[in-house]
Amino acid sequence: MLPYGRQSIDAADVAAVVEALGSDWLTTGPRVARFEDELAEVAGAPCVTVTNGTTALHAAYAAAGVTAGDEVVTTPMTFVATASGAALLGAKVIFADVEEDTANIDPAAVEAAVTSRTRVIAAVDYAGVPADYDRLRKITDEAGAILLGDAAHSIGSTYRGRPVGSLADLTTFSFFPTKNLTTGEGGAVASIRPELLQRVRTFRTVGLVRDPDRLRHPDEGGWHQEVHEFGLNYRLPDVLCALGSAQLRRLAEFKARRARLTARYDELLAGVPGLRLPAQGSDVDPVRHLYPVRILGGRRREVYDRLRAAGIGVQVNYIPVYWHPVFEDLGYRRGMCPVAESFYAEELSLPLFYDLSDSDQDRVVEALRGILGS
């Protein structure tokens, strides 16, 4: 089965992990700080590593002070963690519809959804294409809220010349194997606001405070540490940070290869009846995480089934979040975001990853053309 996404691990990645395994540090050590510093150069803001993209969102919402009675406005066209991280803290999640062309959250829909209880507006860079952060920033500032960017798809992308990581108050990353770079499991939170990043760092370390200037009882002894607010153990270990540092050195290669494959899909699939290709604006320079086509005429399930039967592991990204039973049981109903639901009904992600060969891509194109032409 040709997967829709897959990691690329080379000899340098393996060597970095082996070296880390032979060191004195397996959990939190010098490679964590090194990886965080290297991430900051790419993200455009200081970073704190965590165990995965889901915990990055949970930690970011906690740092934003999200609690019961707050509202978090976000998109339904995302993995469920973008919403569940806020719901776990007691917030009411408000879903705003998406733009018809990019499937990114629609700033106009966000503006209509904002209330006096809005604590966070959370955008998602769908498929690696950054959301419209300048418009979202204006809405967020007027609401007195915090802007969060879920950049699980988009590390290495830029918006109007600025790197994702520098656009929102808090930005989360995922380093799952199918993403633009991997640590196996892993994630990070970037912030342009030092006080928020400090809250993330404390939350991901079980809430422990060791800084003498912050201790409530500083004279207990050198061993003393305190918990002022509850946190969780979301620390990414040294071994995985070693892999992350090695992968970061390849990010420019990953970006260039994904761009070439995307352009090749665009060329090979141009004009195919019943198929709509992905769009992006001129003000973004994305690292394409997904290649999401739209299958027209109500044939998406047929095409999915026939491609999978042919050994081509296409995927659907995503089921609208509020369709999940956990949200249905909270009173959310289908029909809330018609543009997102229309997008979902047609979306199909074709295989896209660094090691995808031209011949494999030709196989995907040939199979898709054959099905749509039958």
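Before reading further, recall that the structure is shown in the block above.
What you see is a predicted model, and the numbers here were worked out from it, not measured in a lab.

Novice: Can you walk me through the overall build of the protein in this structure?
Specialist: When its secondary structure is counted, the protein shows 13 helices and 15 strands. Taken against the 2.2 N^0.38 rule, which gives 21 Å for 374 residues, the C-alpha radius of gyration of the protein at 21 Å falls within 12% of a compact globule. Seen through its principal axes, the protein has C-alpha atoms that stretch 80 × 50 × 40 Å. Residue pairs in contact within the protein that sit at least 24 positions apart in sequence constitute 70% of those at least 6 positions apart. Total accessible area on the protein is roughly 15,600 Å²; 53% of this is exposed by carbon and sulfur atoms. Charged side chains of the protein number 39 positive and 49 negative; the gap between the two group centres comes to 3 Å.

Novice: Explain the pairing of strand β2 (residues 71-74) to me, please; I cannot follow it from the model alone.
Specialist: For a regular strand, side chains alternate in direction, first toward one face of the sheet and then toward the other. Residues Glu71 and Val73 of β2 are buried on one face, and the alternating residues Val72 and Thr74, pointing to the opposite face, are buried as well. Examined bridge by bridge, β2 and strand β3 (residues 92-95) share 4 bridges and lie parallel to one another. Directly across from valine 72, in β3, lies its bridge partner valine 93. Viewed along the sheet, the connection from β2 through helix α4 (residues 81-87) into β3 turns out right-handed.

Novice: For this particular structure, what's the right way to read the sheet that holds strand β9 (residues 187-191)?
Specialist: Consider a sheet: its strands pair through backbone hydrogen bonds, and that pairing is either parallel or antiparallel. Pairing is mixed across the open sheet formed by 7 strands, whose spatial order is β1-β9-β8-β5-β4-β2-β3. Edge positions in the sheet fall to β1 (47-50) and β3, since each of these pairs with one other strand and no more. Ignoring strand direction, the axes of neighbouring strands in this sheet form an average angle of 20 degrees. Relative to the sheet, helix α6 (residues 133-143) contacts β4 (118-124) and β5 (146-150), its axis offset from that of β5 by approximately 150 degrees.

Novice: Would you mind going over the pattern of salt bridges with me for this structure?
Specialist: Side chains that carry opposite charge are capable of pairing whenever their charged atoms lie near each other. Enumeration over the complete set of coordinates arrives at 26 salt bridges. Here arginine 117 ties to glutamate 71 by a salt bridge, and the two come within 3.1 Å at their closest N and O atoms. Here glutamate 71 lies in strand β2 and arginine 117 lies in the loop between α5 (107-113) and β4, a separation of 46 residues in the sequence. A single network of salt bridges, built from pairs that share partners, joins Arg137, Asp141, Asp169, Arg193 and Glu195.

Novice: Honestly, the sheet that holds strand β6 (residues 158-159) in this entry has me stumped. Any pointers?
Specialist: Across the sheet, 3 strands lie side by side as β7-β6-β13; this open sheet has antiparallel pairing. Where the open sheet ends on each side, the last strands, each with one partner, are β7 (162-163) and β13 (284-285).

Novice: Which parts of the structure should I look at to understand helix α7 (residues 194-203)?
Specialist: Residues three or four positions apart in an α-helix share a direction because the helix packs 3.6 residues into each turn. For α7, the set of buried residues is Leu196, Leu197, Val200, Thr202 and Phe203. Buried residues belonging to α7 abut β1, α3 (53-63), β5, β8 (170-174), β9 and β10 (208-209).

Novice: Can you help me understand the packing of helix α9 (residues 251-269) against helix α13 (residues 358-372) in this one?
Specialist: Pairs of packed helices are described in terms of their axes, by the angle between the two and the distance that separates them. Between α9 and α13, whose axes approach to 11 Å, the crossing angle comes to 30 degrees. The angle between α9 and α13 falls in the class roughly parallel. Between α9 and α13 lies a crossing whose hand is right-handed. Of the residues in α13, those touching α9 at Arg257, Arg260, Leu261, Arg264, Tyr265, Leu268 and Leu269 are Asp358, Gln361, Asp362, Val364, Val365, Leu368 and Arg369.

Novice: Even after reading the chapter, I still don't get α6, so can you show me in this structure?
Specialist: All of the buried residues along α6 are Tyr133, Leu136, Arg137, Ile139 and Thr140. The arc enclosing the buried residues of α6, seen along the axis, measures out at 170 degrees, which places them on a common side. In α6, the exposed residues that point more than 90 degrees away from the buried face are Lys138, Asp141 and Glu142. The inward-facing, buried residues of α6 abut α5, β4, β5 and β6. Just downstream of α6, glycine 144 is the residue with a positive phi angle, here 65 degrees.

Novice: It is not clear to me how a nonpolar patch on the surface should be interpreted in this structure. Could you clarify?
Specialist: On the surface, a cluster of nonpolar side chains totalling about 250 Å² of accessible area is made up of Ile9, Val14 and Val18. Here valine 14 is to be found in helix α1 (residues 11-21).

Novice: Could you clarify how one ought to interpret the packing of aromatic side chains in this entry?
Specialist: Two numbers describe a pair of aromatic rings. These are the distance of the centres and the angle of the planes. Following the criterion strictly, the structure yields 12 aromatic pairs and no others. Judged by centre distance (6.4 Å) and plane angle (80 degrees), the rings of tyrosine 126 and tyrosine 318 are edge-to-face. Note that tyrosine 126 is positioned in the loop between β4 and α6 and tyrosine 318 in the loop between α10 (300-309) and α11 (325-328), a separation of 192 residues in sequence. Look at tyrosine 126 and you get buried, because its relative accessible area is 1%.

Novice: I tried to follow unusual backbone geometry on my own but got confused; where do I start?
Specialist: Comment: phi is negative for the bulk of residues other than glycine, and the bulk of peptide bonds are trans. Backbone torsion omega between asparagine 317 and tyrosine 318 reads 10 degrees, so that peptide bond is classified as cis. Even without being glycine, arginine 160 reaches a positive phi, approximately 50 degrees. Looking at where arginine 160 falls in the secondary structure, it is placed in the loop between β6 and β7. Given the relative accessible area of 43%, arginine 160 is considered partly exposed.

Novice: Can you walk me through the environment of alanine 340 in this structure?
Specialist: Topologically, alanine 340 is positioned in helix α12 (residues 338-346). For alanine 340, a relative accessible area of 0% corresponds to the buried category. Sequence separation of alanine 340 and methionine 77 is 263 residues, and the distance between their C-alpha atoms is 6.3 Å. The residues touching alanine 340, leaving out its near neighbours within four places in the chain, are Pro76, Met77, Asp97 and Val98.

Reading the values: rules and limits
- Residues numbered from 1 in each chain as written.
- Predicted model: local features only at pLDDT ≥ 70, side-chain atom pairs only at ≥ 80, totals over all residues.
- Heavy atoms only, no water.
- Helix = DSSP H or I, 4+ residues; strand = E, 2+ residues; numbered from the N terminus.
- Rg over C-alpha atoms; globule rule 2.2 N^0.38 Å.
- Contact = heavy atoms within 4.5 Å.
- Areas by Shrake-Rupley, 256 points an atom, 1.4 Å probe, with all protein chains shown as cover.
- Lys, Arg positive; Asp, Glu negative; His and termini not counted.
- Charge placed at Lys NZ, Arg CZ, Asp CG, Glu CD.
- Buried < 20%, exposed > 50% of the residue type's maximum accessible area, 1.4 Å probe, protein only.
- Pairing = 2+ DSSP bridges.
- Right-handed = clockwise from strand over helix to strand, strands pointing away.
- Axes fitted to C-alpha atoms, helices over the stretch in contact; angles between N-to-C directions.
- Salt bridge = Lys/Arg side-chain N within 4 Å of Asp/Glu carboxyl O.
- Parallel < 35°, antiparallel > 145°, perpendicular 65-115°, else oblique.
- Left-handed = near helix turned anticlockwise from the far one by under 90°.
- Arc of directions from axis to C-beta.
- Patch = residues over 30% accessible without salt bridge, like charges linked within 9 Å, V, L, I, M, F, W, Y side chains within 5 Å.
- Phe/Tyr/Trp six-rings, centres within 6.5 Å; stacked < 30°, edge-to-face > 60°.

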